[in-house]
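This is what each chain is made of:
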Amino acid sequence: MGVSHGALIFPCLAWRLVAGGCVLPLTREGFQPAAVTAGPQNKLIMANAAGMLLFADLDDFTIQEDVQFSQGSKDSNIQGLTMTSPESTYLYLGAEQKSQVLEYEWHSSHRVFRT
């Protein structure tokens, strides 16, 4: 997966076709995704090196920021992101700053449970 002019390239999702995939209209000023994973309810979850966490709805391409995570993890240099399943309420984020994996509950408590 790559970045083209700030938009995400994601295979098999039709929007604007490019070599090897298509470009989704998911942009936010100053945001360059470092990690992306499939999330719940047809959402894509994106994180960047500055610690910003975004949820993008693939039906209407709206983007919501998880402000509590973003404020608490500034400059954590997130480089990886996954979920055990799309129905899970936990995200696992690889933070380069302290070489750690953060277990983050995004649905209700919005807090890191384990590192």
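Structure shown above.
*Asks:* What is the right way to look at unusual backbone geometry in this model?
*Replies:* Across the chain, the bulk of peptide bonds are trans and the bulk of non-glycine residues have phi less than zero. Its identity as a non-glycine residue notwithstanding, Asn-42 has a phi of 60°, on the positive side. Along the polypeptide, Asn-42 turns up in the loop between strand S5 (35-38) and strand S6 (43-47). Phi at Phe-61 takes a positive value of approximately 60°, unusual for a residue other than glycine.

*Asks:* I keep staring at the nonpolar core and nothing clicks. Help me out?
*Replies:* Side chains of a nonpolar character, in soluble globular proteins, are inclined to be buried together. Leu-53, Leu-91 and Leu-93 are the most contacted members of the largest nonpolar core, which has 15 residues in total. Of all elements in the fold, only S6, strand S7 (53-57), strand S9 (78-82), strand S10 (90-95) and strand S11 (100-105) reach the threshold of two or more residues within this core. For this core, the element with the highest residue contribution is S10, accounting for three residues. The residues contacting Leu-91, other than those within four sequence positions of it, are Ile-45, Leu-53, Phe-55, Leu-81, Thr-82, Met-83, Leu-102, Glu-103, Tyr-104 and Trp-106. Membership of the second largest hydrophobic core comes to nine residues, among which are Phe-31, Leu-54, Ala-56 and Leu-58.

What counts, and at which threshold
- Residues numbered from 1 in each chain as written.
- Predicted model: local features only at pLDDT ≥ 70, side-chain atom pairs only at ≥ 80, totals over all residues.
- Heavy atoms only, no water.
- Helix = DSSP H or I, 4+ residues; strand = E, 2+ residues; numbered from the N terminus.
- Core = buried A, V, L, I, M, F, W, Y, C linked by side-chain atoms within 4.5 Å.
- Buried < 20%, exposed > 50% of the residue type's maximum accessible area, 1.4 Å probe, protein only.
- Contact = heavy atoms within 4.5 Å.

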